Amino acid sequence: MKVIVVNNEAQLQDAYSVRTTVFVEEQKVPEEEEIDQFEKEASHFVVYDDNKPVGAGRLRVVDGYGKVERICILESYRSKGIGKLLMEEIEALGRNNGLTKFKLNAQTQAEKFYKSLGYETVTGEFLDAGIPHVTMTKS
């Protein structure tokens, strides 16, 4: 498994492909909500198994936080440590760019995963795209 920071259009399309499979097809998030106005300002990441894109995520700077967004792994690749690998790479890029704190809106079913990476829940539950979420932070 290899995590790369997207630096060309083909890699960006690979990220969108994984996100579409997980969020739009699997979780029924409306496509117009999945690809949003923040795509151009974000740093995008893709996880590859050889040349196959199997995971994706993005990082933006929002209010002094590294805001981790759109973390997803194809269903057949889950529970293999790939999400942790992806998060470590995203946080490393953030730290290399001077960020000391991170924030994300986690689906409640993934809250335990993010807690295992050192994130703390800082809000109650709320709906995003019809899916229960909580906001979590890490310093």
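Residues numbered from 1 in each chain as written. Predicted model: local features only at pLDDT ≥ 70, side-chain atom pairs only at ≥ 80, totals over all residues. Heavy atoms only, no water.

Chemist: How do you make sense of the pattern of salt bridges when you look at a structure like this?
Modeler: Side-chain pairs of opposite charge can arise where the charged atoms are in close proximity. The final tally for this structure, using the stated rule, is 15 salt bridges. The salt bridge involving Asp 36 is made with Arg 70; its shortest N-O contact spans 2.9 Å. Of this pair, Asp 36 sits in the loop between helix 2 (31-34) and strand 2 (43-49) while Arg 70 is found in strand 4 (residues 65-73), placing the two residues 34 residues apart along the sequence. The exposure class assigned to Asp 36 is buried, which follows from its relative accessible area of 18%. Here Arg 60 and Glu 69 are joined by a salt bridge, their closest N and O atoms 2.8 Å apart. By the burial criterion, Arg 60 is buried, and Glu 69 matches it. In the salt-bridge network here, residues are joined through shared partners; they are Arg 19, Glu 34, Asp 36, Glu 39, Glu 41, Arg 58, Arg 60, Lys 67, Glu 69 and Arg 70. (Salt bridge = Lys/Arg side-chain N within 4 Å of Asp/Glu carboxyl O. Helix = DSSP H or I, 4+ residues; strand = E, 2+ residues; numbered from the N terminus. Buried < 20%, exposed > 50% of the residue type's maximum accessible area, 1.4 Å probe, protein only.)

Chemist: Where do I start with unusual backbone geometry in this structure?
Modeler: A negative phi angle characterises most non-glycine residues, just as the trans form characterises most peptide bonds. A positive phi angle is found at Asp 63, which is not glycine, with a value near 55°. Here Asp 63 is to be found in the loop between strand 3 (52-62) and strand 4. Backbone geometry at Arg 70 places phi at a positive 55°, although glycine is not the residue there.

Chemist: For this particular structure, what's the right way to read the nonpolar core?
Modeler: Counting 38 residues, the largest nonpolar core has Val 68, Leu 86, Met 87, Leu 104, Tyr 114 and Tyr 119 as its most contacted members. Residue assignment for this core shows that the elements contributing at least two residues are strand 1 (2-5), helix 1 (9-26), strand 2, strand 3, strand 4, helix 3 (82-96), strand 5 (102-107) and strand 8 (131-138). For this core, the leading source of residues is helix 1, giving 6 residues. With sequence-adjacent residues up to four places away left out, Tyr 119 is seen in contact with Val 68, Met 87, Glu 91, Phe 102, Leu 104, Tyr 114, Met 136, Thr 137 and Lys 138. (Core = buried A, V, L, I, M, F, W, Y, C linked by side-chain atoms within 4.5 Å. Contact = heavy atoms within 4.5 Å.)

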